[in-house]
Amino acid sequence: MTAAPTPSLRERKKLRTRQALIDTALELFTERGFGGVTLDELCEAVEVSKRTFFRNFASKEDVAMAPEQDLWRAFLEDLDTVDPGPRTLVELGRDALLAALDRMADEGWARRVLLSRRLAERTPSMAAHGLQFCEATTQGALEILHRRFGVGAPGDVRPRLAVDMLIAAHHCAVAGWVAQADGAAPPVTRDLAVRLREAVAALPGSLTMSVEG
């Protein structure tokens, strides 16, 4: 495999600024409530302009939900390159999602997801934003499945159901993972991967369709 190119200094600075916005936003929103922090206050805390903020995020909801959104963007990238092999669409999606989990940089990501999830539970605008992002991700996945594997003929609802089932399995896995983190040790990404495998394994095989490499 070819090693990924080393990011330039400018790219590393941009990534650090983006990460600082995410971390600071989650800390402030958790401490003061989502509605208790203005965009101006967030930018001031990170010492960036609103213009810089909007180069990275579309809204407060966007920055608050960035940890999981980053996971699903990585999922689409991996789905576009994963080796299909003789397996179901759900298994294909599972392996792409597990590969995306492996790409999350550090266990700090797990804590960010936990904070984001807790915020979403009490912030209706985040829930609405999440639904919009979920639908956009679903459409992105269906486009990849159609382009790469030729599935998704008019009237065939199985690809959509396969993606929906994968997302449902992810939600179940995260719910159990968050509950575990609330009662015991800090969240760990590999525990989420285990729960995701278990949730996908529990899906009824009669609702899946296979792809051949």
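Up top you'll find the structure we're talking about.
Anyway, here's the lowdown on the structure attached to this text. (Residues numbered from 1 in each chain as written. Predicted model: local features only at pLDDT ≥ 70, side-chain atom pairs only at ≥ 80, totals over all residues. Heavy atoms only, no water.)

A word on unusual backbone geometry. Here the phi dihedral of Glu-47 falls at roughly 65 degrees; this positive angle occurs in a residue that is not glycine. Tracing the backbone through its elements, the reader meets Glu-47 in the loop between α2 (39-46) and α3 (50-56). (Helix = DSSP H or I, 4+ residues; strand = E, 2+ residues; numbered from the N terminus.)

Our focus in this paragraph is empty space enclosed by the protein. Inspection of every chain in the model, using the stated rule, returns one cavity of 30 Å³ or more. Estimates place the volume of the largest cavity at around 60 Å³. Surrounding the largest cavity, Phe-75, Leu-79, Leu-89, Gly-93, Ala-141, Leu-145, Pro-159, Ala-162, Val-163 and Leu-166 form its lining. Looking at the lining of the largest cavity, the elements that each hand over two or more residues are α5 (66-79), α6 (89-103), α8 (124-149) and α9 (158-183). Counting residues per element, the lining of the largest cavity draws most heavily on α9, at four residues. Residue composition of the lining of the largest cavity, grouped by class: nine nonpolar, one polar and no charged. (1 Å grid on protein atoms, 1.4 Å probe; cavity = no way out; pocket = protein on both sides within 12 Å on 5 of 7 lines; lining within 4 Å. Points joined across faces, edges and corners; volume = space filled by probe spheres on them. Nonpolar A, V, L, I, M, F, W, Y, C, P; charged D, E, K, R; others polar.)

For the rest of this paragraph, the subject is the packing of aromatic side chains. To describe a pair of aromatic rings, you give the distance between the ring centres and the angle between the ring planes. Evaluated as defined, the whole model comprises four aromatic pairs. On the numbers, 5.7 Å between centres and 45 degrees between planes, the contact of Phe-53 with Phe-57 is tilted. When the ring of Trp-72 is compared with that of Phe-75, the centres are 5.1 Å apart and the planes differ by 75 degrees; the resulting orientation is edge-to-face. Here Phe-75 and Trp-72 lie together in helix α5, a separation of three residues that amounts to about one turn. Comparing Trp-72 with Phe-75 shows no difference in burial state: the two are buried. (Phe/Tyr/Trp six-rings, centres within 6.5 Å; stacked < 30°, edge-to-face > 60°. Buried < 20%, exposed > 50% of the residue type's maximum accessible area, 1.4 Å probe, protein only.)

Our next topic: α2. Among the residues making up α2, those that are buried are Leu-39, Leu-42, Cys-43 and Val-46. Each buried residue of α2 sits inside an arc of 95 degrees when the element is viewed along its axis, so together they form one side. As for α2, its buried residues are in contact with α1 (9-32), α3 and α4 (60-64). Among the residues trailing α2, Glu-47 stands out with phi positive, at a value near 65 degrees. (Arc of directions from axis to C-beta. Contact = heavy atoms within 4.5 Å.)

With respect to the secondary-structure elements, Ser-59 resides in the loop between α3 and α4. Residue classification places Ser-59 among the buried positions, given a relative accessible area of 19%. Among the polar contacts listed, one links the side chain of Ser-59 to the backbone nitrogen of Asp-62, at a separation of 3.1 Å. (Polar contact = N/O pair within 3.5 Å; in protein donor to acceptor, adjacent residues only side chain to side chain.)

This next bit is on the environment of Gly-93. Looking at the element boundaries, Gly-93 is found in helix α6. Separated by 71 residues in sequence, Gly-93 and Asp-164 place their C-alpha atoms 10 Å apart. The contacts of Gly-93, once residues within four sequence positions are left out, are Phe-75 and Leu-166.

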